[in-house]
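# Analysis of the macromolecular model
Here is how the chains run, residue by residue.
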Amino acid sequence: MSNQQAWLFLIAFIRKHYHQAEGLIPLHAPCFDQSEKRLVVDCIDSTFVSSVGQYVTEFEQQVAAFTGAKHAVAVVNGTMGLYLALKVVGLQPNDLVLTQSLTFVATPNAIKMHQADPVFVDVERETLGLCPQALNQFLNEQTQQQNGQCIHRATGRVIRACVPMHTLGFPARLDNILDICNQHNIALVEDAAESLGSVYQGRHTGRFGQMGVFSFNGNKVITTGGGGMLITDNDALAAKAKHLSTTAKMPHAWLFEHDEPAYNLRMPNINAALGVAQMQKLPTFLAEKHTLAQAYQQQPGLVMLKEPKKSQANYWLNALLCESEAERDAFLALSNSLDIQTRPLWTPMHQLDMYATCIRTDMTQTEWLAERVVNLPSGVGCDG
């Protein structure tokens with residue numbers, strides 16, 4: 001079977017799966033029905049539509065219970081969630097943060113907001129996440145321990161944190177990464193933006209590091225329109241994150257007193273109302289996404305990325321592996337011309353002008369994947 005034939009069979013399968021013979025099939029549309037509308041109306045009627053209200057607390061409790069985390073702190077979006085998580089684990093201006101180049105730009109942006117800089121480490125083909133071997137090699141060859149801190153020898157800068165990203169919902173090799181970070185006195189913060197519902201070795205993503213951060217943007221597994229969530233088992237980090245996200249306001253019935261410079265990052269109650277309704281559907285959404293992933297993997301003549309060993313991926317976005325960049329571009333052109341929305345992975349961060357001078361390891365696997373992977377429509381069915 002030729003590539004063209006395999007692609008046409010795939011496009012026909014996608015239209016059949018979504019019961020849509022013509023028109024645009026989006027990459028990942030949100031799924032709402034009357035339950036979301038009912039809770040949003042209830043929130044409006046309560047008049048508590050901003051950062052104070054019952055739905056914020058309820059949404060936090062639901063996410064904590066689902067992931068098994070002790071604490072959850074709702075914030076305005078995933079980017080600011082990463083910023084806040086890095087703040088509470090102690091990131092300082094001029095520090096360095098280990099992360100991957102194969103990620104959405106929010107990851108290094110959250111680091112730069114602290115006047116710190118990312119250090120890009122290559123990824124693995126199997127997980128699409130930070131490669132433990134490349135991480136360990138970089139740290140052993142280019143750093144030293146000094147006064148309980150990891151110091152980059154060439155610059156003298158402190159490597160304060162490591163931020164692996166669970167790409168497309170595929171868990172990174174968290175046990176190895178955590179061991180390496182612990183050996184080098186580096187805080188682990190998981191960019192779990194895409195991985196709600198993903199599990200590694202029986203434990204939900206976001207729960208291996210000091211903190212994990214989810215996104216609830218409109219294209220995620222569940223959405224609150226905009227929003228994010230920090231999770232942690234550490235009482236002090238959770239309290240600090242919540243305090244800083246609410247302008248460091250001291251508890252009082254009427255006085256406005258604040259004990260340090262902070263931020264207005266709390267998720268609005270009206271967004272959380274959407275989240276409460278969406279969480280009720282999350283198990284169904286995940287089951288549908290696994291069924292779709294299995295169906296994609298059975299399509300003839302295609303190579304699909306599958307969940308790594310020791311893990312259960314949420315299959316946020318299903319991914320087709322092409323043989324070359326030219327083949328990738330040909331498929332993108334064909335599918336989008338037929339109103340099937342597909343997209344490549346992000347341009348690697350080290351190839352963007354603003355991050356081109358950052359310290360990095362060899363990027364062989366990052367560039368190989370970026371040239372070949374295409375994301376396919378992966379939303380769940382919704383009758384509206």
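Quick look at the structure, then.

What counts, and where the lines are drawn
- Here the residue numbers are simple positions, counted from 1 along each chain's written sequence.
- The predicted origin of the model limits local features to residues at a pLDDT of at least 70 and limits the giving and counting of side-chain atom pairs to 80 or more, whereas totals for whole chains, interfaces and linings rest on all residues.
- Neither water nor hydrogens contribute to the side-chain values; these are computed over all heavy atoms in the structure.
- Numbered from the N terminus, helices here are DSSP runs of H or I no shorter than four residues, and strands are runs of E no shorter than two.
- Burial classes: relative accessible area under 20% of the type maximum marks a residue as buried, over 50% as exposed, and values in between as partly exposed (1.4 Å probe, protein chains only).
- The Shrake-Rupley method, run with a 1.4 Å probe, gives the accessible areas here. Residue values count only the displayed protein chains as cover.
- Charged residues are defined narrowly, with Lys and Arg counted positive, Asp and Glu counted negative, and His plus the chain ends left uncounted.
- The location of each charge is read from NZ of Lys, CZ of Arg, CG of Asp or CD of Glu.
- Two strands are counted as paired when DSSP detects at least two bridges linking them.
- Each reported salt bridge corresponds to a side-chain nitrogen of Lys or Arg within 4 Å of a carboxyl oxygen of Asp or Glu.
- What we call a nonpolar core is a set of buried Ala, Val, Leu, Ile, Met, Phe, Trp, Tyr and Cys residues that are connected through their side-chain atoms within 4.5 Å.
- By definition in these notes, contact holds between two residues if any of their heavy atoms fall within 4.5 Å.

### Focus: the overall build of the protein chain
Along its length, the protein chain carries eleven helices and 15 strands. If one aligns the C-alpha atoms of the protein chain with their principal axes, the spans along those axes are about 65 × 60 × 35 Å. Within the protein chain, buried positions represent 56% of all 384 residues. When the accessible surface of the protein chain is totalled, it reaches about 16000 Å², and 51% of it is carbon and sulfur. Taking the average place of the 28 positive charges on the side chains of the protein chain and the average place of its 35 negative ones, the gap between the two points comes to 2 Å.

### Some words on the sheet that holds strand 8 (residues 199–200)
The three strands are arranged 9-8-12 in an open sheet whose pairing can be described as antiparallel. The open sheet has two edge strands, strand 9 (203–204) and strand 12 (311–312), and neither has a second partner. In terms of strand pairing, strand 8 meets strand 9 through two bridges, oriented antiparallel. The residue of strand 9 that forms the bridge with Tyr200 is Arg203.

### A word on the pattern of salt bridges
Inspection of the entire model under this criterion finds 15 salt bridges. When the shortest N-O distance is used, the salt bridge between Lys281 and Asp33 registers 2.8 Å. Linking Lys281 in helix 9 (residues 269–297) with Asp33 in the loop between helix 1 (3–17) and helix 2 (34–46), this pair joins segments that are 248 residues apart in sequence. We classify Lys281 as buried; its relative accessible area is 14%. We note a salt bridge from Arg266 to Glu60, for which the minimum N-O separation is 2.5 Å. With Arg266 in the loop between helix 8 (235–245) and helix 9 and Glu60 in helix 3 (residues 54–67), the pair connects residues that are 206 residues apart, well separated along the chain. For Glu60, a relative accessible area of 8% translates into the label buried. Each of the salt bridges in this network shares a partner with another, and the network as a whole consists of Asp33, Glu36 and Lys281.

### Considerations on the nonpolar core
One finds Phe59, Val63, Leu168, Phe216, Ile222 and Met229 to be the most contacted residues of the largest nonpolar core, which totals 51 residues. Of all elements in the fold, only helix 2, helix 3, strand 1 (71–75), strand 11 (228–232), helix 9, strand 13 (318–321) and helix 11 (364–370) reach the threshold of two or more residues within this core. Among the elements that take part in this core, helix 9 stands out by supplying ten residues, more than any other. Apart from the residues lying within four places of it in its own chain, the contact partners of Ile222 are Phe59, Leu196, Ser215, Phe216, Asn217, Gln278, Met279, Leu282 and Phe285. Met80, Ala85, Ile111 and Val189 belong to the second-largest nonpolar core, a separate cluster that totals 27 residues.

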